[in-house]
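# Residue-level structure breakdown
Listed here are the chains, written in short residue letters.
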Amino acid sequence: MNPHGLRFWNTQKQVCNICERRPWFWIPRGHQNPVIEEKGIIGAGKRYVDCLFCGSSDRDRLVFEAFKQNEAVFTKGNLLHVAPEKPLWRRWFSNGWNRIGVDARAAGYRWSYGTDILSGDLRYLDFSDGYFDAIVANHVLEHIEQVELALQQIYRMLKKGGIACLQVPFSSILEESIEAEADWDKKKREAVLGQRDHVRLYGKNFLQEWEKMGFESVSINVTPEVRSHYRMHPTEPVIILRKK
Ligand SMILES: [Zn+2]
């Protein structure tokens, strides 16, 4: 089993890169499921990773680190954050991005979000062409049916040279993605895809598929030392696409 995030107490003196504090222990997230190991799914499973102070997850910290380390690439400007995680959302502001947050279920999350998150479906947003310098959808696309519409929108709304950070869980074994069929219930989705509210399990080919839409993938290296220091997944890649 992957040893990532199995310890509750922060005996390794790891730090949260978002709030810059050192939690005494890490709060658990995720669920264990046999399919996660069977299919070698990266970016899923139960682990102790949430920051006691700001609530950031290992995923949030990975995305933030990629942006922090590459400020020259990720020029501060208009940033669209889809289904924004609060710890990241606050840091975009303090880091000087002009952030816009959108969630298809924002109205149902008002108790959590506040009024600055707009209600909207990524597949049908009407921001003008090339408006955004960056778009972040952190573990979002695996929940979206007809995801090609969402990817087309991301491409359209990005300016030329703009970047999209599109983290998704994926199988390190499957050659191609598996799409849920219309009659699959929650149990079937959980058994095959790894989570009951997912509509897809990405296979190894997903980046090549996205590149066919006009993106190029950008290689971002977060070292094992940095990953360990900030309690991130040891191997989850940072998935960044640039509009050519
Ligand atoms: Zn924190």
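Only a predicted model underlies this, so the values are computations on that prediction, with no experimental measurement involved.

### Here's the deal with helix α3 (residues 86-94)
Within α3 the residues assigned to the buried category are P87, L88, W89, R91 and W92. For α3, the elements touching its buried residues are α2 (58-69), β4 (78-82), β5 (98-103), β6 (117-119) and β7 (132-137). Directly after α3, the chain includes G96, whose backbone phi takes a positive value near 90°.

### Quick notes on the coordination of the zinc ion
The protein atoms that coordinate the zinc ion are C16 (SG), C19 (SG), C51 (SG) and C54 (SG), at distances spanning 2.3 to 2.4 Å. Given four donor atoms and angles of 103 to 116° at the metal, the environment of the zinc ion is assigned as tetrahedral. We note that the donor set of the zinc ion lies within a single chain, spaced as C-x2-C-x31-C-x2-C.

### Points about a nonpolar patch on the surface
Together, F8, W9 and W24 make up an exposed nonpolar region whose accessible area comes to about 390 Å². For W9, the position within the fold is in the segment before β1 (27-29). Owing to a relative accessible area of 52%, W9 belongs among the exposed residues under this scheme.

### Examining the pattern of salt bridges
Counting across every chain of the model gives 13 salt bridges. Of the charged contacts, one joins D133 and K159 as a salt bridge, the two residues approaching to 2.9 Å between their closest N and O atoms. With D133 in strand β7 and K159 in strand β8 (residues 158-165), the pair connects residues that are 26 residues apart, well separated along the chain. The exposure class assigned to D133 is buried, which follows from its relative accessible area of 18%. A salt bridge links E175 to K204, with the shortest nitrogen-to-oxygen separation between them at 3.1 Å. Here the residue E175 occupies a position in the loop between β9 (170-171) and β10 (178-179), and K204 occupies one in the loop between β11 (200-201) and α7 (206-211), the gap between them amounting to 29 residues. K204 sits in the partly exposed class, given a relative accessible area of 40%.

Each value, and the rule that gives it
- Residues numbered from 1 in each chain as written.
- Predicted model: local features only at pLDDT ≥ 70, side-chain atom pairs only at ≥ 80, totals over all residues.
- Heavy atoms only, no water.
- Buried < 20%, exposed > 50% of the residue type's maximum accessible area, 1.4 Å probe, protein only.
- Helix = DSSP H or I, 4+ residues; strand = E, 2+ residues; numbered from the N terminus.
- Contact = heavy atoms within 4.5 Å.
- Donors = N, O, S within 2.8 Å, 3.2 Å for Na, K, Ca; no water.
- Tetrahedral: all angles 85-135°; square planar, octahedral: opposite > 155°, others 65-115°.
- Patch = residues over 30% accessible without salt bridge, like charges linked within 9 Å, V, L, I, M, F, W, Y side chains within 5 Å.
- Areas by Shrake-Rupley, 256 points an atom, 1.4 Å probe, with all protein chains shown as cover.
- Salt bridge = Lys/Arg side-chain N within 4 Å of Asp/Glu carboxyl O.

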